[in-house]
Amino acid sequence: MIEKPRIYVAGHQGMIGSALVRKLKILGYAKILTRTHDELDLINQAQVKSFFEVEKPDQVYLCAAKVGGVHANNTFPAEFIYDNLMIESNVIHNAWKVGVKKLIFLGSSCIYPKLPNQLIKENAMLSGQVEATNEPYAIAKIAGIKLCESYNRQYRKSHGTDYRSVIPASLYGPGDNYHSKNSHVIPALIRKIHDAKINQLSEVVVWGSGLPRREFVYIDDMSEAIIHIMNLDLVQYREHTEDMVSHINIGFGSDVTIEDLAKQLVKIVGYEGRIVFDLTKPDGVFRKLMDSTLIESLGWKASISLEDGLALTYSDYLKNKKSLRSD
Ligand SMILES: NC(=O)c1ccc[n+]([C@@H]2O[C@H](COP(=O)([O-])OP(=O)(O)OC[C@H]3O[C@@H](n4cnc5c(N)ncnc54)[C@H](OP(=O)(O)O)[C@@H]3O)[C@@H](O)[C@H]2O)c1
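Report on the accompanying structure. Fair warning: this is a prediction, and the values are worked out from it, not measured in the lab.

What follows is about the site of the ligand. Near the ligand you find 26 residues, and of these Met15, Ile16, His37, Tyr137 and Lys141 are the closest. Between the ligand and leucine 42 there is a distance of 3.0 Å, counted from a nitrogen atom to a backbone nitrogen or oxygen. Within the complex, the protein chains bury 83% of what would otherwise be the 890 Å² of accessible surface of the ligand. Where the shell around the ligand is concerned, the elements lending two or more residues are helix 1 (15–26), helix 5 (135–159) and strand 6 (170–172). Looking at the shell around the ligand residue by residue, the classes come out as 15 nonpolar, eight polar and three charged.

The structure is reproduced here in structure tokens:
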């Protein structure tokens, strides 16, 4: 029988981290190590060093990060760059020091330059300027990818280092953040439309024109994809990536307009009022659809449709409303 690895999931209370822990348990990985932010501050070099020296995991999923929307990125740019650089450096370096061979780092699509109306391939990173609003965060994420690549290039032969990065598209599903100021578009719309139904309002106002297109992956599909990349055979992984373009997009493969998304949610929630678009509010980037042909050629494709995923998300919202992140 093959011994199951000891797996450290950094950021296991976050949206992706918690979904990964759920999925790993379902797949029979019993030895999962976790620490809350209070128990182990990943910014603290000494704490991280001592954690790795004591626990010596076999694999690491690096899902911990300081994450936030445009408002938070603009208000706390120093924290966004410092926290993320420190978390990545501490975790990646100390994992390597105790001999961890396999690690997955989670990037974000904000690492890509603004590319109007075209599919974003992995090699678009560093080919142009990133969005100004979250530049510090994007630079930290690019640094994380480059840390993984550099440790592979220097230590693959001597230490068997095999650190991979993935770029998840926007996620949605159970455990999302429903805070009125810093939630993503799907939880924000669910909350608005649900509240309008309960309060019998005649209309719901959606920011912008409704025309921008967005790509979404259901959380269980995402955790499956990340585990798939972690376990992908090294020869196959290396055949499909380059030493210095090593990250892999995880997307749904198609996108939807905000208007269509709102209409689907209105149906699922059972709201009978109108949707009104507030054209005085900004649209943001018009389109940012990632090219997911690479991961598809590596044997993974999203399987949960947007319609099914939204219905599952709304039913979770109804069931767990009191315990979800909100205000
Ligand atoms: N969600 C998405 O749509 C999405 C899309 C693309 C990429 N990603 C990427 O995926 C990663 C995880 O995202 P997520 O949505 O799961 O984020 P999340 O829900 O905010 O989770 C992040 C986790 O990291 C923890 N953390 C933050 N700073 C820490 C520190 N100094 N020490 C220890 N733990 C710390 C947080 O703990 P506290 O809350 O206690 O601080 C939280 O549990 C991020 O890198 C993000 O950029 C997410």
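Read on for the rest.
Under the definition given, this model contains zero disulfides. Between cysteine 63, a free cysteine, and cysteine 148, which holds the nearest cysteine sulfur, the sulfur-to-sulfur gap is 12 Å. In this structure cysteine 148 comes out as buried when scored by relative accessible area, which is 0%.

Once that is clear, we can look at the packing of aromatic side chains. Applying the stated criterion to the full structure yields eleven aromatic pairs. Ring centres 6.0 Å apart and planes at 75 degrees place the aromatic pair phenylalanine 80 and tyrosine 137 in the edge-to-face group. Of this pair, phenylalanine 80 sits in helix 4 (residues 77–97) while tyrosine 137 sits in helix 5; the two residues are 57 residues apart in sequence, bridging distant segments of the chain. Looking at tyrosine 137, the relative accessible area reads 10%, which means it is buried. When the centroid spacing of 6.3 Å and the interplanar angle of 20 degrees are considered together, the rings of tyrosine 314 and tyrosine 317 count as stacked. Remark: tyrosine 317 and tyrosine 314 occur in helix 11 (residues 306–320); sequence separation between them is three residues, near one turn of the helix. For tyrosine 317, a relative accessible area of 5% gives the class buried.

Here lysine 56, not a glycine, exhibits a phi torsion of approximately 40 degrees, which is positive. Tracing the chain through its elements places lysine 56 in the loop between helix 2 (45–55) and strand 3 (59–62). The backbone phi angle of glutamine 200 is positive, close to 50 degrees, even though this residue is not glycine. Residue placement: glutamine 200 occurs in the loop between helix 6 (185–198) and strand 7 (203–207). Judged by its relative accessible area of 71%, glutamine 200 falls in the exposed class.

With 91 residues, the main nonpolar core has Tyr8, Leu42, Phe52, Tyr61, Leu103, Tyr163 and Ile226 as its most contacted residues. Per-element tally for this core: the top contributor is helix 7 (residues 219–231), with seven residues. The contact partners of tyrosine 163, leaving out residues within four places of it in the chain, are Ile92, Ala95, Trp96, Val100, Lys101, Lys102, Leu103, Cys148, Tyr151, Asn152 and Tyr237.

For the rest of this paragraph, the subject is helix 9 (residues 258–269). Structurally, the α-helix is built with 3.6 residues per turn, so residues lying three or four positions apart point the same way. Here helix 9 contains twelve residues, and its C-alpha end-to-end distance of 16 Å stays within 8% of the 16 Å for a straight helix at 1.5 Å per residue. Looking only at helix 9, the buried set comprises Ile258, Leu261, Ala262, Leu265, Val266 and Val269. In an axial view of helix 9, the angular spread of the buried residues amounts to 140 degrees, which keeps them on one side of the axis. Looking one or two residues beyond helix 9, the residue adopting positive phi is glycine 270, at roughly 80 degrees.

So, about the side chain of glutamate 55. Residue position: glutamate 55 is located in helix 2. For glutamate 55, the contacting residues outside a window of four places in its chain are Arg6, Leu33 and Arg35.

All right, on to the pattern of salt bridges then. Counted by the stated rule, this structure contains 18 salt bridges. Measuring nitrogen to oxygen at the nearest pair gives 3.8 Å for the salt bridge that ties arginine 22 to aspartate 220. With arginine 22 in helix 1 and aspartate 220 in helix 7, this pair connects stretches of sequence that are 198 residues apart. Aspartate 220 sits in the partly exposed class, given a relative accessible area of 28%.

Of note, valine 204 is situated in strand 7. In this view, valine 204 contacts Lys192, Ile193, Ala196, Tyr271, Arg274, Ile275 and Val276; residues no more than four positions away in its chain are not counted.

Adjacent strands of a sheet form backbone hydrogen bonds with each other and so pair up, either parallel or antiparallel. The strand order 2-1-3-4-5-10 describes an open sheet built from six strands, whose pairing is parallel. The sheet is open, and its two edges are formed by strand 2 (32–33) and strand 10 (248–250), each paired on a single side. Alignment of strand 5 (residues 162–168) against strand 10, held across three bridges, turns out to be parallel. Its bridge partner being in strand 10, proline 168 is matched across the sheet by isoleucine 250. Packing of helix 1 onto the sheet brings it into contact with strand 1 (7–10), strand 2, strand 3, strand 4 (102–106) and strand 5, and relative to strand 1 it is tilted by some 155 degrees.

With that out of the way, let us pick up the side chain of lysine 141. Secondary-structure assignment places lysine 141 in helix 5. Here lysine 141 occupies a buried position and makes no salt bridge, while the nearest side chain of opposite charge, glutamate 88, is found at 4.8 Å. For lysine 141, the contacting residues outside a window of four places in its chain are Ala65, Glu88, Phe105, Leu106, Gly107, Ser108 and Ile111.

Calculation notes
Residues numbered from 1 in each chain as written. Predicted model: local features only at pLDDT ≥ 70, side-chain atom pairs only at ≥ 80, totals over all residues. Heavy atoms only, no water. Near = heavy atom within 4 Å. Polar contact = N/O pair within 3.5 Å; in protein donor to acceptor, adjacent residues only side chain to side chain. Areas by Shrake-Rupley, 256 points an atom, 1.4 Å probe, with all protein chains shown as cover. Helix = DSSP H or I, 4+ residues; strand = E, 2+ residues; numbered from the N terminus. Nonpolar A, V, L, I, M, F, W, Y, C, P; charged D, E, K, R; others polar. Disulfide = S-S within 2.5 Å. Buried < 20%, exposed > 50% of the residue type's maximum accessible area, 1.4 Å probe, protein only. Phe/Tyr/Trp six-rings, centres within 6.5 Å; stacked < 30°, edge-to-face > 60°. Core = buried A, V, L, I, M, F, W, Y, C linked by side-chain atoms within 4.5 Å. Contact = heavy atoms within 4.5 Å. Expected span 1.5 Å × (residues − 1). Arc of directions from axis to C-beta. Salt bridge = Lys/Arg side-chain N within 4 Å of Asp/Glu carboxyl O. Pairing = 2+ DSSP bridges. Axes fitted to C-alpha atoms, helices over the stretch in contact; angles between N-to-C directions. Lys, Arg positive; Asp, Glu negative; His and termini not counted.

Purely geometric stuff here, so don't read any function into it on its own.
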